[in-house]
Amino acid sequence: MSSREATNTNAPRVLIVEDEEALSLLLAYNLEAEGYVVERCERGDDAELLLLEGPPDLVILDWMLPGVSGIEICRRLRAREGTRTLPVIMLTARGEEDERVRGLSVGADDYVVKPFSVPELMARVRALLRRAAPERIAGRLAAGDIELDRETHRVRRGARDVHLGPTEFRLLDRLLEKPGRVFTRAQLLDAVWGNTAEIDERTVDVHVGRLRKALSHGREPDPIRTIRGAGYAFDETFGR
Ligand code: CA
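In this report, we go over the structure that sits alongside the text. The model shown is predicted, which means the values in this text are computed figures rather than measured ones.

Each value, and the rule that gives it
- Every chain's residues receive numbers from 1 upward, in the order its sequence appears when written.
- This being a predicted model, a pLDDT of at least 70 is required before a residue's local features are given, and a value of 80 or more before pairs of side-chain atoms are given or counted; all residues contribute to the totals for chains, interfaces and linings.
- Excluding hydrogens and water, the side-chain figures rest on all heavy atoms present in the structure.
- In this analysis, axes come from line fits to C-alpha atoms, helices being fitted only over the stretch in contact, and the angle between any two N-to-C directions falls in the range 0 to 180 degrees.
- The way it works is that DSSP assigns letters per residue, a run of H or I at least four long becomes a helix, a run of E at least two long becomes a strand, and they are numbered from the N terminus.
- Here roughly perpendicular refers to angles of 65 to 115 degrees, roughly parallel to angles under 35, roughly antiparallel to angles over 145, and oblique to all remaining angles.
- The contact rule is simple, with two residues in contact once any of their heavy atoms fall within 4.5 Å.
- Here a strand pair is declared whenever DSSP counts at least two bridges between the two strands.

### Structural notes on the packing of helix α9 (residues 185-193) against helix α10 (residues 202-215)
Viewed as axis vectors pointing N to C, α9 and α10 meet at an angle of 75 degrees, and their least axial separation amounts to 9 Å. Judged on the interaxial angle alone, α10 and α9 are roughly perpendicular. Contacts between α9 and α10 pair R185, L188, L189 and W193 from the former with T203, V204, D205 and H207 from the latter.

Written as structure tokens, this is what we have:
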């Protein structure tokens with residue numbers, strides 16, 4: 001648990017599916033330098049398993065892959081409820097350009113022809129995330145009188161500074177990304193501790209309790225709603 005706490009699991013997650021190792025490493029290096037959490041895999045069938053376990057925020061998907069082709073993966077992503085709108089950038093080799101239309105027709109959001117410039121791909125990743133999931137890359141989240149600054153790690157309620165531990169900070173970060181949305185304990189565990197962590201779901205309740213205590217002093221209304229049997233939501237109108 002402590003090693004997971006050191007990493008920023010709330011950073012946008014990018015999956016690179018590419019069988020050219022040098023290219024995959026180069027992309028991972030550049031994405032990590034921009035603050036993304038990166039996972040890499042080289043085979044299409046391995047990518048399918050990873051995507052079923054827990055979808056990232058964006059996929060960079062090579063066209064020609066061992067196992068299952070990129071185009072088939074994309075088609076399957078679009079057919080599944082949980083990944084229908086998952087941002088996908090397809091990589092195609094020179095000579096496969098005619099296939100671009102096919103790539104877009106199975107639902108890729110963007111495509112890049114190899115060889116491409118890394119800064120250009122980085123720009124496309126940012127643009128696509130900004131369009132598809134602006135809350136994942138925002139520098140600052142706010143709802144009601146509560147404000148969270150991701151760059152300075154400061155949280156304020158009105159004029160007051162709120163002091164949070166790292167776990168409570170990430171919990172609030174995830175809740176504030178979608179005010180009003182109900183997150184299950186499993187979703188919060190995944191977002192805050194990472195999906196590989198083996199942590200009891202009741203741990204979430206403990207940290208939500210601490211978050212509540214830090215957010216609501218005196219007569220300040222409690223902005224976190226408990227939905228019995230479901231989970232938690234940030235709701236700035238709750239308790240008023
Ligand atoms: Ca390939």
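### Considerations on the side chain of T92
With respect to the secondary-structure elements, T92 resides in strand β4 (residues 88-92). T92 has contacts with W63, V112, V113 and K114, leaving out every residue within four places of it along the chain.

### Quick look at the sheet that holds strand β8 (residues 154-157)
Strand order in the open sheet formed by four strands is β6-β7-β8-β9, with antiparallel pairing between adjacent strands. Only two strands of the sheet have a single neighbouring strand rather than two, namely β6 (140-143) and β9 (160-162). Looking at each pair of strands side by side, their axes are set apart by 20 degrees on average, direction ignored. Strands β7 (146-149), β8 and β9 of the sheet are contacted by α10, whose axis makes an angle of about 165 degrees with β9.

### What to know about the sheet that holds strand β1 (residues 13-17)
Judged by pairing direction, the sheet is parallel, and its five strands sit side by side in the order β2-β1-β3-β4-β5 without closing on themselves. The outermost strands of the open sheet, each flanked by one partner alone, are β2 (37-41) and β5 (110-113). Across the sheet, the axes of successive neighbouring strands diverge by a mean angle of 20 degrees, strand direction being ignored. Examined bridge by bridge, β1 and β2 share five bridges and lie parallel to one another. The partner of R13 across the bridge, within β2, is V37. Along the sheet face, helix α2 (residues 21-33) touches β1, β2, β3 (58-62) and β4 and points at about 170 degrees away from the line of β2. The strands touched by helix α6 (residues 118-132) are β3, β4 and β5; relative to β4, the strand with the most contacts, the crossing angle is about 155 degrees.

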